[in-house]
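Coordinate inspection notes
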Amino acid sequence: MANNMYQLAGKVNVPAEKRDEINQYILEILDKCGIRKTEKMTVAGVEVTVVSSVRPNTDGIVMFDYSIFEKKRREISTYDLNTCELYSEDRGYHEFGVVMNMIMVLQEAYTNGGCYFLQSGKLCDIEGYLLLLQGVLGRRITAPGRVRMWDTYLFFRNSTEYQNIAYKDLLDDCSESYGKLDIEQLLAVFEVENQELMFPEKKRISCREEISSAGSSGRIEYAYRIFCGMNEAEKSAMEGFLAKLLNLNFSQRKELSKGSDENGIIAELSLYVLPARLILAYAQTVKKDFWEIWDSFGGKGYSDIIQEDHPQDVDSKLRKLLFYKVIQRKNEDEFLEFWDGCNLALSQDMKECIQLWKEQFNEIIVPPDMLTEYFLAKNMLRLKDIYFRYVDKAFVKEFEEHGNDLNYQKALILLEQLLDKGQEYFPELAGEQADEWIIQGKRDKFDCVAISAFVSLLTNKRQRNQIFGF
């Protein structure tokens, strides 16, 4: 098993009603970020490797092993549309790995608690990944599980593998990009961690009728006063009542809140206050350890409470990071497969290159004896062996089907001319020898990008037609 710096703690558990949505997003991410599946096919009697856009098989499994931007073939990774689980042991930390991290962050966001993205065994700040997802998908992505800080705190406290996640890590990780912060959950973490109840400085609840209109600190102070006013027998009975209350749902607690005694008041407070805070208030009145009581109750506790409305400024403008910048490209010259004529940030060199290709294409004269499939296979092998660039399967099949079409033949001749650039300086060597021995290591970086970009442009039927007319 690979030693990956990034991993998920917990289990991916996407609600059934959300699976189609996350699956659609993940397929979109894989496509737009250049993740492909390699396979073998025969062209002109030669076995070549090609890539295809990822698609689920009949069992709903998506397989992939290559990034057109990283240009590295990896062990097969899989994504299961049925369970929304990713299996990717050989992902590295470059272009391929960035995409796998994006998927894991999306899995956390859709699991909505109980699943967290870690870096080196610690909770990872995922704000950058959320902004990257928003840049790729063009829609706001939040992480609702992260804003429920008590649930997160309890998850790591109860785990045997990740107990080194500290309270400070949770606070440092808090970001408005995750979504609207749950104040009650934040108070629960702060109070339990510091063993200190947050009481109001001035206005306190004077009677039960004020519970619904009171603030969170006022409610917990009211509960504390009720516990303090009990005798030893009543406190002992209250501990049993709290153990019962801990695992009741909202409607069950609401029914208990109809009682007119102290149990009824505490049940009504439980409609607004998380159980950890009630138990901490009780523990402090009976001089017991909070965790001793909490663990003896043996449950996670309810979380369905009436939320106070805490206004939070949310930037209406979609914040985003652009994928090409994250993978450390200065422009989108390598993204011509996705070009619509104006959507990419192309360099001036690439714009000039495209115009030059158009002029060169129009000047090419196809020899009458040209063997299209041989040309195709030969140059595919050169792309793979020297530039680690695989050609799209659909592209190969299309060129095979139009082997006698002059436009397709001219495109292959132009590709070969790009690959041959520089060979004229070494007439004493065969072309392939010049490539392998000298040119490969000396070729200008932009020329390497341009060769890959040209292949991507030929794959883009709409823009290929606009520029080359076929």
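Everything below is about the structure shown above.
Everything numeric here is computed off the predicted structure, so don't read it as measured data.

1. Describing the environment of threonine 78
By the secondary structure assignment, threonine 78 is in strand 5 (residues 72-80). In this structure threonine 78 comes out as partly exposed when scored by relative accessible area, which is 22%. For threonine 78 and glutamine 466, which are 388 residues apart along the polypeptide, the C-alpha to C-alpha distance reads 36 Å.

2. A closer look at the sheet that holds strand 1 (residues 6-10)
Here we have 3 strands laid out as an open sheet, ordered 1-7-8, and antiparallel in their pairing. The open sheet has two edge strands with one neighbour each: strand 1 and strand 8 (122-123). Bridge count for strand 7 (residues 115-119) against strand 8 is 2 bridges, and the pairing is antiparallel. The residue bridging glutamine 119 from the neighbouring strand is lysine 122, located in strand 8. Running at roughly 70 degrees to strand 7, helix 5 (residues 149-158) makes contact with strand 1, strand 7 and strand 8 of the sheet.

3. Notes on helix 21 (residues 461-468)
Listing the buried residues of helix 21 in full gives Gln463, Arg464, Ile467 and Phe468. Burial along helix 21 is one-sided: seen end-on, the buried residues are contained in an arc of 105 degrees. In helix 21, the exposed residues that point more than 90 degrees away from the buried face are Lys461, Arg462 and Gln466. On the buried face of helix 21, the contacting elements are helix 15 (348-363), helix 17 (393-401), helix 18 (406-420) and helix 20 (445-459). Looking one or two residues past helix 21, glycine 469 carries a phi angle of roughly 80 degrees, positive in sign.

4. Re the side chain of serine 456
For serine 456, the location among the structural elements is in helix 20. Of note is the side chain of serine 456, whose polar atom sits 2.7 Å from the side chain of arginine 389. Beyond its immediate chain neighbours, meaning those up to four positions away, serine 456 contacts Glu334, Leu336, Glu337 and Arg389.

Here is what the cut-offs are and how they apply
- Residues numbered from 1 in each chain as written.
- Predicted model: local features only at pLDDT ≥ 70, side-chain atom pairs only at ≥ 80, totals over all residues.
- Heavy atoms only, no water.
- Helix = DSSP H or I, 4+ residues; strand = E, 2+ residues; numbered from the N terminus.
- Buried < 20%, exposed > 50% of the residue type's maximum accessible area, 1.4 Å probe, protein only.
- Pairing = 2+ DSSP bridges.
- Contact = heavy atoms within 4.5 Å.
- Axes fitted to C-alpha atoms, helices over the stretch in contact; angles between N-to-C directions.
- Arc of directions from axis to C-beta.
- Polar contact = N/O pair within 3.5 Å; in protein donor to acceptor, adjacent residues only side chain to side chain.

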